[in-house]
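Topology and contacts: notes
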Amino acid sequence: MWRWPLPGVSGAVIPPEGAPGSFGAVRRHDVHTGVDLHCDEGQWVLAVEDGVVVAVEDFTGPAAGSPWWLPTKAVLVEGASGVVLYGEVVPEPAMVTGALVAQGDRVGVVTRVLRHDKGVPTTMLHLELYAPGARSGVWWRHGEARPEGLRDPTAPLRAAG
């Protein structure tokens, strides 16, 4: 069973199905590949389960192909449930490929992703779940089927929250 990733932040921040920030929500540029958990900038992000870091990548911003957002990183950790992607974070220095991660270890801190305040939170943990073996995040383009290996993390998040 997963641990809740945001200490001190209620599980009530999980968006309802179909709402912005929920898994599969249709957005301007794509279909949402994870769940957004709104929280304050600088919020610690904890590992939901034991695993090993399989990648650290540019997640948003110009280097990630989404210049409309501020630059953020993602940490991908493979564990019992598959590969968990913790996005829109500044990783802890220890989060390097091959590092062992225990449930509850600090993965990083949430950083601002939205350039402009449009009346919605500008910081959030973006959490994705993939089948074992994934080594990078994916784009889910309009009109495409769900990318192979991409899973909905909502149920394990709700169980942990």
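Residues numbered from 1 in each chain as written. Predicted model: local features only at pLDDT ≥ 70, side-chain atom pairs only at ≥ 80, totals over all residues. Heavy atoms only, no water.

Turning to the overall build of the protein, a few remarks are in order. When helices and strands are counted, the protein shows 1 helix and 9 strands. Traced from its N-terminal end to its C-terminal end, the protein shows the element sequence β-β-β-β-β-β-β-β-β-α. Rg of the C-alpha trace for the protein: 14 Å, near the compact-globule value of 15 Å for 161 residues, within the 12% margin. In terms of principal-axis extent, the alpha carbons of the protein reach across some 35 × 30 × 30 Å. Here the protein holds 161 residues, and 48% of them are scored as buried. Within the protein, residue pairs in contact and separated by at least 24 positions form 66% of the contacts whose partners lie at least 6 positions apart. Total accessible area computed for the protein in this model is approximately 7600 Å², and 54% of it derives from carbon and sulfur atoms. (Helix = DSSP H or I, 4+ residues; strand = E, 2+ residues; numbered from the N terminus. Rg over C-alpha atoms; globule rule 2.2 N^0.38 Å. Buried < 20%, exposed > 50% of the residue type's maximum accessible area, 1.4 Å probe, protein only. Contact = heavy atoms within 4.5 Å. Areas by Shrake-Rupley, 256 points an atom, 1.4 Å probe, with all protein chains shown as cover.)

Turning next to the packing of aromatic side chains. Considering all chains together, one arrives at 3 aromatic pairs under this definition. Taking 6.4 Å as the distance between ring centres and 70° as the angle between the ring planes, the aromatic pair formed by W68 and W139 counts as edge-to-face. With W68 in the loop between β3 (51-60) and β4 (72-79) and W139 in the loop between β8 (124-130) and β9 (150-151), this residue pair connects regions lying 71 residues apart in the sequence. Assessed through its relative accessible area of 32%, W68 is described here as partly exposed. Each residue in the set W68, W69 and W139 is aromatic and connected to the rest through ring pairs, giving one cluster. (Phe/Tyr/Trp six-rings, centres within 6.5 Å; stacked < 30°, edge-to-face > 60°.)

Mapped onto the elements, L114 comes out in the loop between β7 (106-110) and β8. The spatial distance from the C-alpha of L114 to the C-alpha of L127 is 16 Å, given a sequence separation of 13 residues. Setting aside anything within four residues of it in sequence, one finds L114 in contact with W69, L70, V120, P121, T122 and M124.

So, on to the pattern of salt bridges. Taken as a whole and assessed by the stated rule, the structure comprises 3 salt bridges. Between R27 and D30 there is a salt bridge, with the nearest N and O atoms lying 2.9 Å from each other. Of the residues examined, D30 reaches a relative accessible area of 5% and is grouped as buried. With a shortest N-O distance of 2.9 Å, E78 and R135 are connected by a salt bridge. Residue E78 is found in strand β4, and its partner R135 is found in the loop between β8 and β9; the two are separated by 57 residues along the sequence. (Salt bridge = Lys/Arg side-chain N within 4 Å of Asp/Glu carboxyl O.)

Treat this as a map of the structure, not an account of what it does.
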